[in-house]
Amino acid sequence: MTTLTIPTPDAMRELGALLAAQLRAGDLVTLNGELGAGKTTLTRGLGAALGVRGAVTSPTFVLARTHPRESGAPLVHVDAYRLATAIELDDLDIDFAASIVVVEWGAGKLDGITDDWLQLDIVRPIGGIESEEGVEPRTVTITGHGARWSDLGWLSAPRH
């Protein structure tokens, strides 16, 4: 487990790009955090670094959106907020083995989906002190689950 302080939206996108360099087909990432924590901002950075086609938007009004790439596994961006269980997530018929899947609000909904996933818990301070840019820093705790993510040595704080 690693905890980072992410001071700006640009730094959150940089963290997404850092993560993208590690991802391959079959990888699952879950993003947990309150509304406005930076889940979609991180996914935009990830998508940009992967070179996906189409804008990565908040998946609030769709359950899953596939972003194809020129080459390589597509990015599937999922909003599990309205899903109650892993069974409902499985009902979306996502090809987990051939895709890079990012699930927002995925805590507790991955049972049986895979043995390996990367979990990012993003905390946005409420009522905290704002910086000169008017942005409250986020705290991101990254936890690897399973053999694939047992070593997070590749992870370092994003450059600002």
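Look up: the structure comes first, before these words.
(A) Structural view of the overall build of the chain. Across its full length, the chain carries three helices and seven strands. Put simply, the chain runs from its N terminus to its C terminus through helices and strands in the order β-α-β-α-β-β-α-β-β-β. Per-residue burial over the chain gives 43% buried out of 160 residues. The contacts in the chain between residues at least 6 apart in sequence include a share of 65% that link residues at least 24 apart. Carbon and sulfur atoms make up 51% of the accessible area of the chain, which totals about 8,200 Å².

(B) Looking closely at helix α1 (residues 9-20). With twelve residues, α1 should reach 16 Å at 1.5 Å per residue; the first-to-last C-alpha distance of 17 Å fits that figure. For α1, the set of buried residues is A11, M12, L15, G16, L19 and A20. Along its buried surface, α1 packs onto β1 (2-6), β2 (28-32), α2 (39-50), β6 (117-123) and β7 (138-145).

(C) How the structure looks around the pattern of salt bridges. On inspection of all chains with the given rule, the structure shows four salt bridges. The residue D27 makes a salt bridge to R148 at a minimum N-O spacing of 2.8 Å. On the criterion of sequence distance, the pair formed by D27 in the loop between α1 and β2 and R148 in the segment after β7 is long-range, its members being 121 residues apart. Salt-bridge contacts for R53 lead to E70; the nearest nitrogen and oxygen are separated by 3.8 Å. Of the two residues, R53 is situated in the loop between α2 and β3 (64-67) and E70 in the loop between β3 and β4 (75-79); the sequence distance between them amounts to 17 residues. Here R53 falls in the partly exposed class, since its relative accessible area comes to 44%. The class for E70 is exposed, based on a relative accessible area of 69%.

(D) Quick look at α2. The end-to-end C-alpha distance of α2, which contains twelve residues, comes to 17 Å, matching closely the 16 Å that a straight helix rising 1.5 Å per residue would cover. By the burial criterion, the buried members of α2 are K39, T40, T41, L42, T43, G45, L46, G47 and L50. Along its buried surface, α2 packs onto α1, β2, β4, β5 (100-104) and β6. Immediately beyond the C-terminal end of α2, within one or two residues, lies G51, with a positive phi of roughly 75°.

Cut-offs used in this document
Residues numbered from 1 in each chain as written. Predicted model: local features only at pLDDT ≥ 70, side-chain atom pairs only at ≥ 80, totals over all residues. Heavy atoms only, no water. Helix = DSSP H or I, 4+ residues; strand = E, 2+ residues; numbered from the N terminus. Buried < 20%, exposed > 50% of the residue type's maximum accessible area, 1.4 Å probe, protein only. Contact = heavy atoms within 4.5 Å. Areas by Shrake-Rupley, 256 points an atom, 1.4 Å probe, with all protein chains shown as cover. Expected span 1.5 Å × (residues − 1). Salt bridge = Lys/Arg side-chain N within 4 Å of Asp/Glu carboxyl O.

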